[in-house]
Amino acid sequence: DAKTTQPPSMDCAEGRAANLPCNHSTISGNEYVYWYRQIHSQGPQYIIHGLKNNETNEMASLIITEDRKSSTLILPHATLRDTAVYYCIAAYNTDKLIFGTGTRLQVFP
Amino acid sequence: EAGVTQSPTHLIKTRGQQATLRCSPISGHTSVYWYQQALGLGLQFLLWYDEGEERNRGNFPPRFSGRQFPNYSSELNVNALELEDSALYLCASSLGGATDTQYFGPGTRLTVL
């Protein structure tokens, strides 16, 4: 599975869009990009995943560059409850997800 | 629809004892995964069970073992507990396909004294 690189931390004002970047320059053609988040000491929560097309659901949008070497998770209107560690994972077989260190997003009032 | 459930929420053991952690997957899911998250560290893959069989194993010693029952629930057993086994143990389930999304439970916090 491809390695992903994320900034260790980001801040976002409540109500603004949070844009979380992820680099996966070695991703292969059949690997999906998954996003999870983990609120303090809870189980990771699935957010969204995609292969090469942009995806949107009720939680977030996922923008994948045309060359698939990077992606951005967008939380359109961040709230205080979105404060969490966000993990970007590139994987084909989801038999084992490899979690990196993620991005700690702090949403402030 | 109920999510993944785990029991107990907290477990305190002493060094050398055995711990048993339980997981019930989302209804209809046949795959169960176990992860360990030690304090301040990332999630580490432990085991994957599907249709009652162990399909994959992470880089953990044999004293970490488990099983999956006919109703797809699962147990994780940790023998000869060591202090460094103290961690949050997370269970996830999926429909069982190679690219199916994993959904996580709330975890069991194991403390080894």
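See above for the structure.
Residues numbered from 1 in each chain as written. Chains lettered and ligands numbered in written order. Predicted model: local features only at pLDDT ≥ 70, side-chain atom pairs only at ≥ 80, totals over all residues. Heavy atoms only, no water.

With that out of the way, let us pick up the sheet that holds strand S3 (residues 19–24) of chain B. Residue and element names in this part refer to chain B. Read across the sheet, four strands follow the order S1-S3-S8-S7 without closing on themselves; strand pairing throughout is antiparallel. Each edge of the sheet is formed by a strand with only one pairing partner; in this case those strands are strand S1 (5–7) and strand S7 (64–68). Shown here is a sheet whose adjacent strand axes are inclined to one another by a mean of 20°, direction ignored. Relative to strand S8 (residues 74–78), S7 runs antiparallel, the two sharing five bridges. Its bridge partner being in S8, Ser65 is matched across the sheet by Asn77. (Pairing = 2+ DSSP bridges. Helix = DSSP H or I, 4+ residues; strand = E, 2+ residues; numbered from the N terminus. Axes fitted to C-alpha atoms, helices over the stretch in contact; angles between N-to-C directions.)

At the junction of the two partners, chain B supplies 20 residues and chain A supplies 18 residues. Contact between chain B and chain A buries roughly 1500 Å² in total, counting both sides, with carbon and sulfur atoms accounting for 52%. Inspection of the chain B/chain A interface yields zero salt bridges. Applying the counting rule to chain B against chain A returns three residue pairs in polar contact (both at pLDDT 80 or more). Contributing elements (two or more residues each) for the side of chain B that touches chain A: strand S4 (31–37), strand S5 (43–50), strand S9 (87–94) and strand S10 (103–104) of chain B. (Contact = heavy atoms within 4.5 Å. Buried area = accessible area lost by both parts, 1.4 Å probe. Salt bridge = Lys/Arg side-chain N within 4 Å of Asp/Glu carboxyl O. Polar contact = N/O pair within 3.5 Å; in protein donor to acceptor, adjacent residues only side chain to side chain.)

Before going further, it helps to examine the layout of surface pockets. Residues and elements named next belong to chain A. The volume enclosed by the largest pocket comes to roughly 500 Å³. Looking at the lining of the largest pocket, the elements with two or more residues in it are strand S8 (84–91) and strand S9 (103–108). Looking at the lining of the largest pocket residue by residue, the class counts come to 10 nonpolar, 10 polar and two charged. There is about 210 Å³ of room inside the second largest pocket. Lining the second largest pocket we find 14 residues, and of these Lys3, Thr4, Thr5, Phe99 and Gly100 sit closest to its centre. Residue composition of the lining of the second largest pocket, by class: six nonpolar, six polar and two charged. (1 Å grid on protein atoms, 1.4 Å probe; cavity = no way out; pocket = protein on both sides within 12 Å on 5 of 7 lines; lining within 4 Å. Points joined across faces, edges and corners; volume = space filled by probe spheres on them. Nonpolar A, V, L, I, M, F, W, Y, C, P; charged D, E, K, R; others polar.)

Okay, unusual backbone geometry next. A negative phi holds for most residues other than glycine; trans holds for most peptide bonds. The amide bond that connects Ser7 of chain B to the next residue, Pro8 of chain B, takes the cis arrangement and shows omega of -10°. By the secondary structure assignment, Pro8 of chain B is in the loop between S1 and strand S2 (10–13). Notably, Ser41 of chain A is not glycine yet its phi reads approximately 60°, a positive angle.

Our focus in this paragraph is the pairing of S4 of chain B. All names here are of chain B. Of all seven residues in S4, seven are buried; the element is thus mostly enclosed. Alternating positions in S4 separate into two faces, Ser31, Tyr33, Tyr35 and Gln37 on one and Val32, Trp34 and Gln36 on the other, with burial throughout. Counted between consecutive antiparallel strands, the loop separating S4 from S5 contains five residues, among which Gly40 sits at a positive phi close to 80°. Pairing of S4 with S9 involves seven bridges; the strand directions are antiparallel. (Buried < 20%, exposed > 50% of the residue type's maximum accessible area, 1.4 Å probe, protein only.)

Right, let's get into the pattern of salt bridges. Residue and element names in this part refer to chain B. Inspection of every chain in the model, using the stated rule, returns six salt bridges over all chains. A salt bridge links Asp50 to Arg55; the nearest nitrogen and oxygen atoms lie 3.9 Å apart. Measuring nitrogen to oxygen at the nearest pair gives 2.7 Å for the salt bridge that ties Asp85 to Arg63. A residue pair is termed long-range when its members are at least 10 positions apart, and Asp85 in the loop between S8 and S9 and Arg63 in the loop between strand S6 (53–57) and S7 qualify at 22 residues. In this pair, the class of Asp85 matches that of Arg63, namely buried.

Time to look at the sheet that holds strand S7 (residues 70–75) of chain A. All names here are of chain A. Strand order in the open sheet formed by four strands is S2-S7-S6-S5, and the pairing between neighbours is antiparallel. Both edges of this open sheet fall to strand S2 (18–23) and strand S5 (55–56), since each of them pairs with a single strand only. With four bridges connecting them, strand S6 (residues 61–64) and S7 associate as antiparallel partners. Bridge pairing in S7 links Ser61 to Ile74.

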